[in-house]
2 protein chains.
Amino acid sequence: MYTISDLQKIVTEELSQQQFVVEPKGLYEPIDYVMGMGGKRIRPTLCLAGCYLFSDDINKALKPSLSLEIFHNFTLLHDDIMDNADLRRNQPTVHKKWDENTGILSGDAMLIKAYQYAAKADSAHLKEILDLFSQTAIEVCEGQQYDMEFETRDDVKVDDYLNMIRLKTAVLLAASLKTGAIIGGASKEDADLLYQFGENIGLAFQLQDDFLDVYGDIETFGKAIGGDIVANKKTFLLLNALHLASGSLQSDLKSWINATDFNADEKITAVRDIYNSLKVDELAKEKMSFYFDKAIEALNRVKGRESMKEELRQFAVKLIERSR
Amino acid sequence: MYTISDLQKIVTEELSQQQFVVEPKGLYEPIDYVMGMGGKRIRPTLCLAGCYLFSDDINKALKPSLSLEIFHNFTLLHDDIMDNADLRRNQPTVHKKWDENTGILSGDAMLIKAYQYAAKADSAHLKEILDLFSQTAIEVCEGQQYDMEFETRDDVKVDDYLNMIRLKTAVLLAASLKTGAIIGGASKEDADLLYQFGENIGLAFQLQDDFLDVYGDIETFGKAIGGDIVANKKTFLLLNALHLASGSLQSDLKSWINATDFNADEKITAVRDIYNSLKVDELAKEKMSFYFDKAIEALNRVKGRESMKEELRQFAVKLIERSR
């Protein structure tokens, strides 16, 4: 009987067995570098979990599960170029360690490799797995497109934002679970329920990310990180605040957004105070709970191995109940 | 009974029916722009031809044929970023018309779309088509990697160069024909023979490109273009010349390569004279004929519709016998 932790170890072991580097090394070494950067391997682990809900044989989901991890890391590689990021997990990004052309081309090769791993799904499920993979992959691109567009738009609604994070991060978690479920022989209903579980957990997780940036670590460090506030990042909190604020709260908020010369800690404190006045912290927690509850409801309805359902419940709880 | 020209028209019509642009438009409009730039649509046409050799029903190859065209244009999009090219077919490149992030992301979406079209192959052939597509796609990346590396290496052999052009351009032509053949129900032998035909035609075509840059248009314009010579591009001609030259020819050639301040026409004339002395023009023509003959030999052995075999022979002849 596998736990999530067992499945994570199986994924890690399988990943370490892959030989990514062949000639020309200049193309493949960056792939090896990126895949070796570490990470919790959540997506392939969820894929194996999805399979194990319905089948004892998780091996048949192993290579497809890696396709999700390779794809995920490909998106990070290209996103880091687009965002001009110097570091990823405290290590130089590929375009910094090598150069931008390498970042683009090795990224392209990673996407192709992801498809090669996905195509190892058994023939009975191949078409469905590939269609899900492609649909998900293009949705992630759409999410990234919206994310980039939102930076310069001033008419972004909260629902636009929720759709953007759904596409950019939640659908891949959803597809990871559903891929495993399909391979495990799940019914259409159960596969879709797992997709819903993953999508809602993804949304809850991203909202938690937004929340923790402002309210996290207060007990541990006495102050939050506040990078999103400093950068005027259009998060759930800021978008709701802009929507709800009126009068002096609205003008204060706008002043802080437009300020060019300011003390970071001052801005963080001031904006957080505005958030508190407007109760957007509570809004965020309510929305997080809303998505979490939807996720658990969907999971509960799945007709699958009860021990793994419980593992997934605990996984969801741990994901959403991080330090605050 | 279809001719190559008929098949090209069918491809063009099918392509015009595709609706690439959906929301977010910022992601998809560049795809539409690139696909609308024109071109002879050689790859999807060869795919239909490969199918028609063995089957009356070319419709089943239509969507997969477009995957090859979308993939080809994706490589041009990303290559233009890597090469810092301002123009493609006399129109602004995507990263010039929009920006580099758009070039990267819309290119990624194009690669995914290419896979979506490839996955429309019927289930009996799906795995084989996808494996061929992925293998070819990654080989094209390898070819591009070698091409970039060769720019700064001074130990590039003629065989290295031939392998680079094989990967960068010939394998896609080969895979286009083989994809159609597989869908048309060809035997493994015939599918592989068509791959060989395409690969060898691709090699002959690229060598012709190298040759024409130095020797083309002399009759029409009184002079060749010579851009490869000016740029010290490691072509078949230059690499053979470097290998064969000794004494003063070797030192003259090296001087022209290292010259920073020179008259372009003078350099072109001088280097061409060196090529003539070393007879690398004849070497190029011999190699071109060698690949062309190998291509035709492979095609002749194919057990398929004779009228389409003849169409492909004529196509090959036209491709290789351009103005000189």
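Now for a description of the structure that goes with this document.

Cut-off values and rules
- Residues numbered from 1 in each chain as written.
- Chains lettered and ligands numbered in written order.
- Predicted model: local features only at pLDDT ≥ 70, side-chain atom pairs only at ≥ 80, totals over all residues.
- Heavy atoms only, no water.
- Helix = DSSP H or I, 4+ residues; strand = E, 2+ residues; numbered from the N terminus.
- Rg over C-alpha atoms; globule rule 2.2 N^0.38 Å.
- Buried < 20%, exposed > 50% of the residue type's maximum accessible area, 1.4 Å probe, protein only.
- Contact = heavy atoms within 4.5 Å.
- Areas by Shrake-Rupley, 256 points an atom, 1.4 Å probe, with all protein chains shown as cover.
- Lys, Arg positive; Asp, Glu negative; His and termini not counted.
- Charge placed at Lys NZ, Arg CZ, Asp CG, Glu CD.
- Least-squares fit on C-alpha atoms with pLDDT ≥ 70 in both.
- Phe/Tyr/Trp six-rings, centres within 6.5 Å; stacked < 30°, edge-to-face > 60°.
- Lys NZ or Arg CZ within 6 Å of the ring centre and 35° of its normal.
- Buried area = accessible area lost by both parts, 1.4 Å probe.
- Salt bridge = Lys/Arg side-chain N within 4 Å of Asp/Glu carboxyl O.
- Polar contact = N/O pair within 3.5 Å; in protein donor to acceptor, adjacent residues only side chain to side chain.
- Nonpolar A, V, L, I, M, F, W, Y, C, P; charged D, E, K, R; others polar.
- Axes fitted to C-alpha atoms, helices over the stretch in contact; angles between N-to-C directions.
- Parallel < 35°, antiparallel > 145°, perpendicular 65-115°, else oblique.
- Core = buried A, V, L, I, M, F, W, Y, C linked by side-chain atoms within 4.5 Å.
- Expected span 1.5 Å × (residues − 1).
- Arc of directions from axis to C-beta.
- Disulfide = S-S within 2.5 Å.

### A few points about the overall build of chain A
For chain A, the helix and strand inventory stands at 16 helices and two strands. Rg of the C-alpha trace for chain A: 21 Å, near the compact-globule value of 20 Å for 324 residues, within the 12% margin. Each principal axis of the C-alpha distribution contributes one length, and for chain A these read about 60 × 50 × 35 Å. Residues classed as buried in chain A amount to 57% of the 324 residues present. Summarising the internal contacts of chain A: among those between residues at least 6 apart in sequence, 74% fall at separations of at least 24. For chain A, the computed accessible surface area is about 13800 Å², with 47% contributed by carbon and sulfur atoms. Mean positive and mean negative side-chain charge positions of chain A (38 and 52 charges, respectively) differ by 3 Å.

### Some words on unusual backbone geometry
All names here are of chain A. Omega for the peptide link from Glu-23 to Pro-24 comes to -5°, which places this bond in the cis form. Along the chain, the position of Pro-24 falls in the loop between α1 (4–16) and α2 (25–35). A positive phi is found at Asn-232, a non-glycine position, where the angle reads about 55°. By the element assignment, Asn-232 lies in the loop between α11 (227–230) and α12 (236–244). With a relative accessible area of 25%, Asn-232 lands in the partly exposed category.

### Remarks on the relation of the copies chain A and chain B
Mapping chain A onto chain B calls for a screw motion: a turn of 180° about the axis and a shift of 0.0 Å along it, with 0.0 Å RMSD after fitting. A rotation of that kind, with that shift, is consistent with a two-fold axis. Interface overlap between copies is the fraction of interface residues in one copy that are interface residues in the other; for chain A against chain B it reaches 100%, indicating a shared surface.

### Side note on the packing of aromatic side chains
Throughout the structure, instances matching the rule amount to 19 aromatic pairs over all chains. Look at Tyr-2 of chain A and Tyr-52 of chain A: their rings are 4.9 Å apart centre to centre, the planes differ by 65°, and that puts the pair in the edge-to-face class. Placement of the pair is Tyr-2 of chain A in the segment before α1 and Tyr-52 of chain A in helix α3 (residues 42–52), with a sequence separation of 50 residues. Judged by its relative accessible area of 29%, Tyr-2 of chain A is partly exposed. Judged by centre distance (5.6 Å) and plane angle (70°), the ring pair of Phe-71 of chain B and Phe-133 of chain B falls under edge-to-face. Of this pair, Phe-71 of chain B sits in helix α4 (residues 62–83) while Phe-133 of chain B sits in helix α7 (residues 126–150), placing them 62 residues apart in sequence. An aromatic cluster of at least three residues, connected via ring pairs, comprises Phe-71, Phe-74, Tyr-115 and Phe-133 of chain A together with Phe-71, Phe-74, Tyr-115 and Phe-133 of chain B. Lys-267 of chain A extends its terminal NZ or CZ atom over the ring of Phe-262 of chain A, reaching a point 4.5 Å from the ring centre.

### Side note on the interface of chain A and chain B
Each partner contributes residues to the interface: chain A has 37 residues there, and chain B has 37 residues. For the pair chain A and chain B, the two sides together bury roughly 3400 Å², of which 69% comes from carbon and sulfur. Contact with chain B buries area across many residues of chain A, yet Leu-105, Ile-112 and Ile-138 of chain A alone supply 17% of it, more than any other trio. Seen at the junction of chain A and chain B, the total is zero salt bridges. Linking chain A to chain B there are eight residue pairs in polar contact (both at pLDDT 80 or more). Within the side of chain A that touches chain B, the residues separate by chemical class into 20 nonpolar, eight polar and nine charged.

### Details of the packing of helix α15 (residues 280–300) of chain B against helix α16 (residues 306–320) of chain B
Residue and element names in this part refer to chain B. Direction vectors running N to C along α15 and α16 enclose 170°, while the axes themselves pass 10 Å from each other. Judged on the interaxial angle alone, α16 and α15 are roughly antiparallel. For the pair formed by α15 and α16, the contact residues are Met-288, Phe-292, Ile-296, Leu-299 and Asn-300 on the first element and Lys-309, Leu-312, Arg-313, Ala-316, Val-317 and Ile-320 on the second.

### Points about the nonpolar core
Grouped together as the largest cluster of nonpolar side chains are 232 residues, with contacts concentrated most on Tyr-275 and Leu-312 of chain A together with Phe-197, Tyr-275 and Leu-312 of chain B. Those residues within four positions of Leu-312 of chain B in sequence are excluded, and the remaining contacts are Ile-4, Leu-46, Ala-49, Leu-53, Leu-177, Leu-194, Phe-197 and Leu-299 of chain B.

### Describing α15 of chain B
Counting along an α-helix, one turn takes 3.6 residues, and residues three or four places apart therefore face a common direction. Residues and elements named next belong to chain B. Across its 21 residues, α15 extends 30 Å between first and last C-alpha, which sits within 8% of the 30 Å expected from 1.5 Å per residue. Restricting attention to buried positions, one finds in α15 the residues Val-280, Asp-281, Ala-284, Met-288, Tyr-291, Phe-292, Ala-295, Ile-296, Ala-298 and Leu-299. Considered in projection along α15, the buried side chains sweep an arc of 160° and stay on one side of the axis. In α15, the exposed positions that point more than 90 degrees away from the buried face belong to Glu-286 and Glu-297. Its buried side turned inward, α15 meets α8 (158–183), α9 (188–215), α12 (236–244), α14 (264–278) and α16.

### A short note on the pattern of salt bridges
One side chain can pair with another of opposite charge once the charged atoms of both are near each other. Scanning the entire structure with this criterion turns up 30 salt bridges over all chains. Where salt bridges share partners, they join Arg-153, Asp-155 and Asp-160 of chain A into one cluster.

### Observations regarding α12 of chain A
What α12 of chain A keeps buried is the set Phe-236, Leu-237, Leu-238, Leu-239, Asn-240 and Ala-241 of chain A. Here the buried face of α12 of chain A lies against α8 (158–183), α9 (188–215), α13 (247–258), α14 (264–278) and α15 (280–300) of chain A.

### Focus: the environment of Lys-40 of chain A
All names here are of chain A. Secondary-structure assignment places Lys-40 in the loop between α2 and α3. Under the relative-accessibility criterion, Lys-40 is labelled exposed at 51%. With residues up to four places along the chain from it excluded, the contact list for Lys-40 reads Gln-8, Thr-45 and Arg-89.

### A word on the state of the cysteines
Residues and elements named next belong to chain A. In this structure the tally under the stated criterion is zero disulfides over all chains. No disulfide involves Cys-47; its nearest neighbouring cysteine sulfur is the one of Cys-51, lying 7.2 Å away. On the basis of relative accessibility, which here comes to 0%, the residue Cys-47 falls in the buried class.

### Examining the environment of Asp-99 of chain B
All names here are of chain B. In this fold, Asp-99 is placed in the loop between α5 (94–97) and α6 (100–118). Since its relative accessible area comes to 37%, Asp-99 is described here as partly exposed. In this structure the C-alpha to C-alpha distance between Asp-99 and Ile-81, which are 18 residues apart in sequence, comes to 9.8 Å. Side-chain polar atoms of Asp-99 contact the backbone nitrogen of Thr-102, separated by 2.9 Å.

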